[in-house]
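# Examining the three-dimensional arrangement
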Amino acid sequence: MKLLIGLLLIVGGIGFAVIRYRKMAAQITESQYMQTSNIKDTIDLVETMRTTDPSYRHYVELKGDLVCSAPLTSPFASRSAAYYSNRCASVSEQTSTYHDNEGNRHTRVSKHENELSREHQSTEAYIKDSSCPTPIYVNFESFGNDIDLMECCDRFEPTGSEWSNRFGSRYSRRMNMGGRFLGYHLTERFFPSSTPVYILGEVLRMGDRYVAEKAHIAQKPSKLSYKSEEQLVHEHQNSQKSALLIGGVLVIAGVVMIIMQFT
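Residues numbered from 1 in each chain as written. Predicted model: local features only at pLDDT ≥ 70, side-chain atom pairs only at ≥ 80, totals over all residues. Heavy atoms only, no water.

### Regarding the overall build of the chain
Along the chain, the regular secondary structure elements total four helices and 11 strands. Against the compact-globule benchmark of 18 Å for 263 residues, the chain has a radius of gyration of 25 Å, which places it well outside the compact range. Counting only C-alpha atoms, the chain reaches 80 × 60 × 30 Å along its principal axes. Here the chain holds 263 residues, and 40% of them are scored as buried. Residue pairs in contact within the chain that sit at least 24 positions apart in sequence constitute 77% of those at least 6 positions apart. (Helix = DSSP H or I, 4+ residues; strand = E, 2+ residues; numbered from the N terminus. Rg over C-alpha atoms; globule rule 2.2 N^0.38 Å. Buried < 20%, exposed > 50% of the residue type's maximum accessible area, 1.4 Å probe, protein only. Contact = heavy atoms within 4.5 Å.)

See below:
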């Protein structure tokens, strides 16, 4: 059994390190070596290519300022947002008893979370720069996990708090009442409604608008961020180092398990 576990740890460690390292390397390559385009040049190229392919999507790196005429207010933290994502979970405490190997009885108290709601919402926003007055609208939902969001809420609201008294009733029908109810765990992230923005993705014409979306081209990375290109490259480099470290630890653990099998 130790031999099997050891082999699995070695294979898993190598696989994780290689896959993660290559993904970050692709992001770094695109960010560092792809030339940033302005909005005018991007739109001109899209229009030129649409004469032969009306559905043409141009893979591009853009930098500019995000403009949002009707920003959202995030529900939990009241932040001005072009896009937000949040989660509400009930927190309960459960008590159970168990016996140890000597027959002694013990009490175990554990906390459990039950997700009550998960919400994602965006509003109309576009990127602009000084090259031309025509905006490029941003499809936030299309970027999925390739969007950087700011953490703005991670708190616990106990029963009897002002928030629980005002808003708790909207979740009561979805609650699993197993155990003693303690309160609510609220988490929220958002994309600011007014910020410099970095986009690595595709631009296409939709009706009378130009829209930036996640890239559909195979093996091409995408990114929507409020961070600078330099910050993103630094984060990717750190992720590469972490992948190698975690993979190395798993490989070492696997080798140790195999040695133990034969000692």
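### Side note on the packing of aromatic side chains
The full count for this structure, using the stated rule, is eight aromatic pairs. Consider the rings of F181 and Y184, whose centres lie 5.2 Å apart with planes at 75°: the pair is edge-to-face. Through a chain of ring-to-ring contacts, three or more aromatic side chains come together here, namely F76, W163, F167, F181 and Y184. Between the NZ or CZ atom of R209 and the centre of the ring of Y137, over which it lies, the distance is 4.0 Å. (Phe/Tyr/Trp six-rings, centres within 6.5 Å; stacked < 30°, edge-to-face > 60°. Lys NZ or Arg CZ within 6 Å of the ring centre and 35° of its normal.)

### What to know about the confidence of the model for the chain
Considering every residue of the chain, the mean pLDDT works out to 86; 91% of them sit at 70 or more. For the chain, the element scoring lowest by mean pLDDT is helix α1 (residues 2-33), at 72; strand β2 (residues 72-73) scores highest, at 97. (pLDDT = per-residue confidence, 0-100.)

### Comments concerning the pattern of salt bridges
Under the definition given, this model contains 13 salt bridges. Residue E115 is joined to R87 by a salt bridge in which the shortest nitrogen-to-oxygen separation is 3.0 Å. Taken together, the residues E115 in strand β4 (residues 105-122) and R87 in strand β3 (residues 80-99) connect sequence positions 28 residues apart. Accessibility expressed as a relative area gives 37% for E115, which makes it partly exposed. Salt-bridge contacts for E124 lead to R209; the nearest nitrogen and oxygen are separated by 2.7 Å. With a gap of 85 residues between them, E124 in the loop between β4 and β5 (126-129) and R209 in strand β10 (residues 209-213) connect regions that are remote in the sequence. (Salt bridge = Lys/Arg side-chain N within 4 Å of Asp/Glu carboxyl O.)

### Some thoughts on the nonpolar core
In terms of nonpolar packing, the biggest core is built from 25 residues, with I136, F140, F191, I199 and L224 touching the most fellow members. Core analysis: the next-biggest nonpolar cluster, separate from the first, contains eight residues, C88, C153, W163 and L186 among them. (Core = buried A, V, L, I, M, F, W, Y, C linked by side-chain atoms within 4.5 Å.)

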